[in-house]
Amino acid sequence: MLTFSLTVVRHGETQYNKEKLLQGQGVDTSLSEPGLQQAEAAGLYLRELRFSNVFVSNLQRARQTAEIIMRNNVHSSGVEMVFDPLLRERGFGIAEGQPKEDLKNMANAAGQSCRDYTPPGGETLEQVRLRCKKFLKSLYQRMVDDHSCSGQSSAAVGTEAGAGAAESGTDGPLAGLPDDGMEGVPLHALVVSHGAYIRVAVRHFVEDLQCSLPQDLKMSKVLSACPNTGISRFVLTVSPSESGPALSAVRCVFTNRKDHLTSRNICYITH
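Fair warning: this is a prediction, and the values are worked out from it, not measured in the lab.

A.B. asks: Any chance you could break down helix α3 (residues 60-72) for me, citing the residues and the numbers?
C.D. replies: Compared with an ideal rise of 1.5 Å per residue, which puts 13 residues at 18 Å, α3 spans 19 Å between its outermost C-alpha atoms and is within 8% of the ideal. Here α3 has its buried residues at R61, A62, T65, A66, I68, I69, M70 and N72. Elements in contact with the buried residues of α3: β1 (2-10), α2 (33-45), β2 (53-56), β3 (81-83) and β4 (188-193).

A.B. asks: Provide a residue-level description of the UniProt feature "active site" (unreviewed entry) in the protein chain, including the pertinent values.
C.D. replies: Mapped onto the present numbering, the UniProt feature "active site" (unreviewed entry) falls at H11 and E89. In terms of the greatest pairwise C-alpha distance, the residues named above, spread along 79 residues, form a tight cluster of at most 10.5 Å across. Filtering the just-named annotated residues for those lining the largest pocket gives H11 and E89. Take H11: it is sitting in the loop between β1 and α1 (15-18). When residues no more than four places from it in sequence are discounted, the contact partners of H11 are N17, Q23, R61, A62, T65, S193, H194, N228 and T229.

A.B. asks: If you had to explain empty space enclosed by the protein to someone new, which residues and values would you point to?
C.D. replies: On inspection of all chains with the given rule, the structure shows 3 cavities of 30 Å³ or more. The calculated volume of the largest cavity comes to roughly 110 Å³. In terms of lining residues, the largest cavity is bounded by 14 residues, among which L6, V8, V191, A201 and F205 are the most central. Elements that contribute at least two residues to the lining of the largest cavity include exactly β1, α5 (125-147), β4 and α7 (195-208). Top element by residues in the lining of the largest cavity is α7. It accounts for 5 residues.

A.B. asks: For the side chain of N256, give the residues involved together with the corresponding values.
C.D. replies: Structurally, N256 is set in strand β6 (residues 246-257). A relative accessible area of 3% means that N256 is categorised as buried. Polar side-chain contacts of N256 include one of 3.3 Å to the backbone oxygen of K221. Apart from the residues lying within four places of it in its own chain, the contact partners of N256 are K221, V222, S224, A225, C226, P227, I231 and S232.

A.B. asks: Could you give me a rundown of the nonpolar core, with the residues and numbers involved?
C.D. replies: In terms of nonpolar packing, the biggest core is built from 36 residues, with F4, F55 and F135 touching the most fellow members. The set of elements that each furnish at least two residues to this core consists of β1, α5, β4, α7, β5 (231-239) and β6. At 8 residues, the largest contribution of residues to this core is made by α5. Every residue in contact with F55, bar those within four places of it in the chain, is listed here: V82, L87, F135, L139, R142, M143, A189, L190, V191 and V192. Counting residues in hydrophobic clusters, the runner-up holds 20 residues, among them A42, L46, V54 and F254.

Reading the values: the criteria
Residue numbers run consecutively from 1 along every chain, following the written order of its sequence. Under the rules for a predicted model, residues below a pLDDT of 70 receive no local features and side-chain atom pairs below 80 are neither given nor counted, while totals for whole chains, interfaces and linings still include all residues. Note that the side-chain values use all heavy atoms of the structure and ignore hydrogens as well as water. The numbering of helices and of strands both runs from the N terminus, where a helix is a DSSP run of H or I of at least 4 residues and a strand a run of E of at least 2. Under the convention used throughout, the expected extent of a helix is 1.5 Å for every residue step, that is, one less than its residue count. Note on classification: 1.4 Å probe, protein chains only; a residue is buried when its accessible area is under 20% of the maximum for its type, exposed when over 50%, partly exposed between these limits. We call two residues contacting when some pair of their heavy atoms lies within 4.5 Å. UniProt positions are given in the numbering used here, feature names are shortened, and annotations may be inferred rather than shown by experiment. Cavity means a closed set of points on a 1 Å grid over the protein atoms alone, one where a 1.4 Å probe fits but cannot get out, pocket means an open set with protein on both sides within 12 Å along at least 5 of 7 lines, and lining means a residue has an atom within 4 Å of a point. Grid points are joined across faces, edges and corners, and a volume is the space filled by probe spheres set on the points. Definition of a polar contact: a pair of N or O atoms within 3.5 Å, with one able to donate and the other able to accept a hydrogen when the atoms are protein atoms, and with sequence-neighbouring residues admitted only if both atoms are side-chain atoms. For the purposes of this section, nonpolar cores are sets of buried Ala, Val, Leu, Ile, Met, Phe, Trp, Tyr and Cys residues that join through side-chain atoms within 4.5 Å.

Rendered as structure tokens:
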């Protein structure tokens with residue numbers, strides 16, 4: 001068995017985010033000035049964590065965010081960033097580049113909710129979920145390949161104690177610290193992706209994988225939209241199976257955290 005924590009970060013703000021325009025996959029914009037500041041704030045917040053692996057959407061806004069986070073990190077300078085198209089934003093077809101209000105109007109005209117509506121040429125939520133599942137399968141394999149024979153202690157490769165870390169710890173209050181949920185879990189992967197994709201991924205963890213949740217975390221918070229550079233964390237245990245490493249336990253530590261985006265922190269960066 002192998003236990004590791006997974007920190008998921010949404011990219012920083014772009015001009016399209018500010019103007020409430022849909023980006024999807026076809027619009028590959030860079031971070032705005034506030035987005036760069038948000039990424040710096042996230043990097044400073046996460047700077048003391050030791051990332052063993054980093055996986056990033058290959059779209060520019062995610063790449064920039066990940067590069068800034070890793071540039072600030074004091075322990076992970078030699079870690080390779082893997083740019084994976086499976087982590088791209090949901091495709092919105094003909095609605096990309098258009099105001100989000102246009103998507104609502106399209107959905108209303110089709111008699112559907114905006115969340116469930118797929119514009120022509122876009123990805124359905126089910127297609128995004130399948131893409132997420134494919135990424136997770138590759139993530140499990142990569143973590144096992146990189147770490148199960150690395151000469152670490154047995155605790156580092158997921159003994160029963162390590163698996164317990166993924167299953168327990170849901171009742172105690174969080175300290176609000178960057179390393180919340182990582183005690184006793186020596187491996188730590190970072191993922192940088194996109195808002196709609198992250199929302200689908202979190203729903204997959206909770207609804208399909210029966211992820212355990214902190215008692216004080218409301219479901220509305222868990223499944224809410226992730227803000228720019230919002231941070232979520234899960235602890236996962238994978239076990240061997242005939243078809244490769246498979247998830248055996250998953251725990252949610254927190255979702256959509258934005259402590260680093262206080263006006264005080266942003267002001268500190270700009271000065």
